[in-house]
Amino acid sequence: MRVVLAAALAATAGACSNDFNMSDLDPSRKFATLTRPNWLTFSGHQEELTLPNVAEADLIGREGQCASGVGTTASSFQQSGIALQMTECEVVTRAGAPDNIEFGANERGERAVALTYLSGPRPGIYRFAGGRLTSVERGPEPPAAPAKPQRAPAKKSGRA
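Residues numbered from 1 in each chain as written. Predicted model: local features only at pLDDT ≥ 70, side-chain atom pairs only at ≥ 80, totals over all residues. Heavy atoms only, no water.

Draft legend 1. Geometry of the nonpolar core. Ranked by internal contacts, the top residues of the largest apolar core, which has 13 residues, are V91, V92, L115, Y117, Y126 and F128. At four residues, helix α3 (residues 88-95) tops the list of elements feeding residues into this core. Leaving out residues up to four positions away in the same chain, F128 has contacts with M86, T87, E88, V91, R111, A112, V113, L115, L133 and T134. (Core = buried A, V, L, I, M, F, W, Y, C linked by side-chain atoms within 4.5 Å. Buried < 20%, exposed > 50% of the residue type's maximum accessible area, 1.4 Å probe, protein only. Helix = DSSP H or I, 4+ residues; strand = E, 2+ residues; numbered from the N terminus. Contact = heavy atoms within 4.5 Å.)

Draft legend 2. Representation of the sheet that holds strand β4 (residues 132-138) within the structure. Strand order in the open sheet formed by four strands is β1-β2-β3-β4, and the pairing between neighbours is antiparallel. Strands with a single pairing partner mark the edges of an open sheet, and in this sheet they are β1 (100-105) and β4. Going across the sheet, the axis of each strand differs from the next one's by a mean of 15°, ignoring polarity. Sheet topology places β1 next to strand β2 (residues 111-117); six bridges connect them, and they run antiparallel. The residue of β2 that forms the bridge with F103 is V113. Of the strands in this sheet, β2, β3 (124-129) and β4 are in contact with α3, which crosses β2 at around 10°. (Pairing = 2+ DSSP bridges. Axes fitted to C-alpha atoms, helices over the stretch in contact; angles between N-to-C directions.)

Draft legend 3. Spatial organisation of the environment of R138. Within the fold, R138 resides in strand β4. Sequence separation between R138 and Y117 is 21 residues, and the spatial gap between their C-alpha atoms is 9.6 Å. Ignoring sequence-local partners within four residues, the contact set of R138 consists of P123 and G124.

Draft legend 4. The arrangement of α3 in detail. Most of α3 is tucked away: six of the eight residues are buried. All of the buried residues in α3 are E88, C89, V91, V92, T93 and A95. Residues of α3 that are buried make contact with β2, β3 and β4. Where α3 ends, the next residue or the one after it, G96, has phi of about 90°, a positive value.

Draft legend 5. Representation of the pairing of β4. Across six bridges, β3 lies against β4 in antiparallel orientation. Residue pairing in the sheet places R127 in a bridge with S135 of β4. Here β3 folds back onto β4 in antiparallel fashion, the turn holding two residues, of which G130 has a positive phi close to 65°.

Draft legend 6. How the structure looks around the environment of D58. Looking at the element boundaries, D58 is found in the loop between α2 (27-35) and α3. Among the residues examined, D58 registers a relative accessible area of 23% and is labelled partly exposed. On a C-alpha basis, the gap between D58 and R132 in space is 9.2 Å, while along the polypeptide they are 74 residues apart.

Draft legend 7. Representation of the packing of aromatic side chains. Under the definition given, this model contains one aromatic pair. Aromatic pair Y117 and Y126: ring centres 5.4 Å apart, planes at 85°, arrangement edge-to-face. On the basis of relative accessibility, which here comes to 4%, the residue Y117 falls in the buried class. (Phe/Tyr/Trp six-rings, centres within 6.5 Å; stacked < 30°, edge-to-face > 60°.)

Draft legend 8. Layout of the state of the cysteines. The full count for this structure, using the stated rule, is one disulfide. Sulfur-sulfur distance for the disulfide between C66 and C89 comes to 2.0 Å. Sign of the S-S torsion, about -115° for the bond between C66 and C89, identifies this disulfide as left-handed. Of this pair, C66 sits in the loop between α2 and α3 while C89 sits in helix α3, and the two are 23 residues apart along the sequence. Accessibility assignment for this pair places C66 and C89 in one class, buried. (Disulfide = S-S within 2.5 Å.)

Dropping the structure here:
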């Protein structure tokens, strides 16, 4: 009877998994997987990890405008965030026209641009290399709104 019960149990366990072997019971094998340096990797397509090349339309001109005309007025995207690796025009679209623009070249000969915002929701200096945002230096915080002066309570006169 025990042999029949063991055979039935083995057949039932075998029906649940057809790729089960004794090495699956080894806990050190699972620990070894976690200690490999690449255990937490992105498994998507490589094109999802690369940024598209920066086109001429993604670069700000000397007048502070992009080819699309963005930068002359505050945009409707001002509530959106700004992230590293954004293009120059993506930042101008979100932050509005800069107060100052500096053009130059970095040590690798790439285009280097610094956009300075003195006011607005995100004051600071935004530095670009090769058309992509590489660093942001926070500017001074806008002054807090002045508190309303409190009125002294009205004095009650002794007259009725």
